Amino acid sequence: MTSTLLGASLAAYIIASILYLVNLHVKRKYFAAYGTAAAAVGFALQSVRLVMQAAAGELPFANAPEAMFFLSWTITAIYLLTFIRFRIPALGALAMPLSLIALTLVYRFPASTGQPFAGDVWLRAHIVAIIASFALFAQAFCCAVFYLVQNKLLKSKKFKGMFRRLPPLETIDALGFHLVVIAFPMLTIGIAAGIAGVKFTGIQEAHNANVKLMASGLTWVVYALYLIAHSSAGWRGKRANSVLIIGAGLIALTTALHSFV
């Protein structure tokens, strides 16, 4: 049953990604509406799977494939909440493919052979906080990409096509900033819990914890610099959003270390 739900949610996210991408280039608004419906269906299917796991006493981050599943679910949850609040369907053209990639990576792993991530309370707190922060940073990355695209379209005076679907620069810049403001404390908590787990438990050798914490720490530094710079007078726009792109690259590296190393 869980494998069926996994496949169905994957199909829903493929459809949502395609519809949102089409929406960027056509005038008809119903592509965005159908894309949102598909995203909601996929999220509901993922949620049912999570409930079934919880009923069976399983953790949503018990191992690498389940952690990737939980990341996909969280990215979609944050996108849908953002859509409800700000009504920016253009973000779905990036957010849903990111969620789809995370969900697809579940199939990269063989069937679960245990629960290597589930044994310690510090590690649980670390994984939940890190995944939540990464999902928020992923949404901020989407904002940064569309900020840079919108900025380029404005400079080239191309006011047709995708331009009509993108929000004003100030709106997308502010949204990206506020997402990072929420995500940064979660990342801090996740790193602190990870350090505590290394210190008080025996996970260091088993999970290459030092390497992963160093990657998370570098990510923390980049987003700390972004927040400081963005809060400073006159440091906005293209430079600040370029930092979010760099931060997203570090997140991809850190995710790879947590999932594949």
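Right above here is the structure, for reference.
It should be emphasised that the depicted structure is a prediction, and the values quoted were computed from it without experimental measurement. (Residues numbered from 1 in each chain as written. Predicted model: local features only at pLDDT ≥ 70, side-chain atom pairs only at ≥ 80, totals over all residues. Heavy atoms only, no water.)

For the protein, the count of helices and strands is nine helices and zero strands. If you list the helices and strands of the protein from N to C, you get α-α-α-α-α-α-α-α-α. Burial analysis of the protein (261 residues in total) assigns 52% to the buried set. Residue pairs in contact within the protein that sit at least 24 positions apart in sequence constitute 78% of those at least 6 positions apart. Carbon and sulfur atoms make up 71% of the accessible area of the protein, which totals about 12,300 Å². (Helix = DSSP H or I, 4+ residues; strand = E, 2+ residues; numbered from the N terminus. Buried < 20%, exposed > 50% of the residue type's maximum accessible area, 1.4 Å probe, protein only. Contact = heavy atoms within 4.5 Å. Areas by Shrake-Rupley, 256 points an atom, 1.4 Å probe, with all protein chains shown as cover.)

Next up on the list: helix 3 (residues 64–86). With 23 residues, helix 3 ought to run about 33 Å at 1.5 Å a step, and its terminal C-alpha atoms sit 33 Å apart, in line with that. When you tally the buried positions in helix 3, you get 18 out of 23 residues, the bulk of the element. (Expected span 1.5 Å × (residues − 1).)

Here the focus is the nonpolar core. Most often, soluble globular proteins keep nonpolar side chains buried together rather than apart. Among the nonpolar cores identified, the biggest contains 69 residues, and Leu 71, Tyr 79, Leu 91, Phe 137, Val 180 and Tyr 226 are the most heavily contacted of them. The set of elements that each furnish at least two residues to this core consists of helix 1 (2–23), helix 2 (30–55), helix 3, helix 4 (92–104), helix 5 (121–156), helix 6 (169–200), helix 8 (209–231) and helix 9 (237–260). The element contributing the most residues to this core is helix 5, with 16 residues. Filtering out sequence-adjacent residues up to four positions away, Leu 91 remains in contact with Tyr 79, Thr 82, Gln 139, Cys 142, Cys 143, Phe 146, Ile 172 and Leu 175. (Core = buried A, V, L, I, M, F, W, Y, C linked by side-chain atoms within 4.5 Å.)

On to the packing of helix 3 against helix 4. Between helix 3 and helix 4, the least distance of the axes is 7 Å, while the angle of their chain directions is 165 degrees. It follows that helix 3 is roughly antiparallel to helix 4 by the angle criterion. Handedness of the helix 3/helix 4 crossing: left-handed. Seen from helix 3, the contacting residues are Met 68, Phe 69, Leu 71, Ser 72, Ile 75, Thr 76 and Tyr 79; seen from helix 4, they are Gly 92, Ala 95, Met 96, Leu 98, Ser 99, Ala 102 and Leu 103. Residue classes in the contact of helix 3 with helix 4 are distributed as ten nonpolar, four polar and no charged. (Axes fitted to C-alpha atoms, helices over the stretch in contact; angles between N-to-C directions. Parallel < 35°, antiparallel > 145°, perpendicular 65-115°, else oblique. Left-handed = near helix turned anticlockwise from the far one by under 90°. Nonpolar A, V, L, I, M, F, W, Y, C, P; charged D, E, K, R; others polar.)

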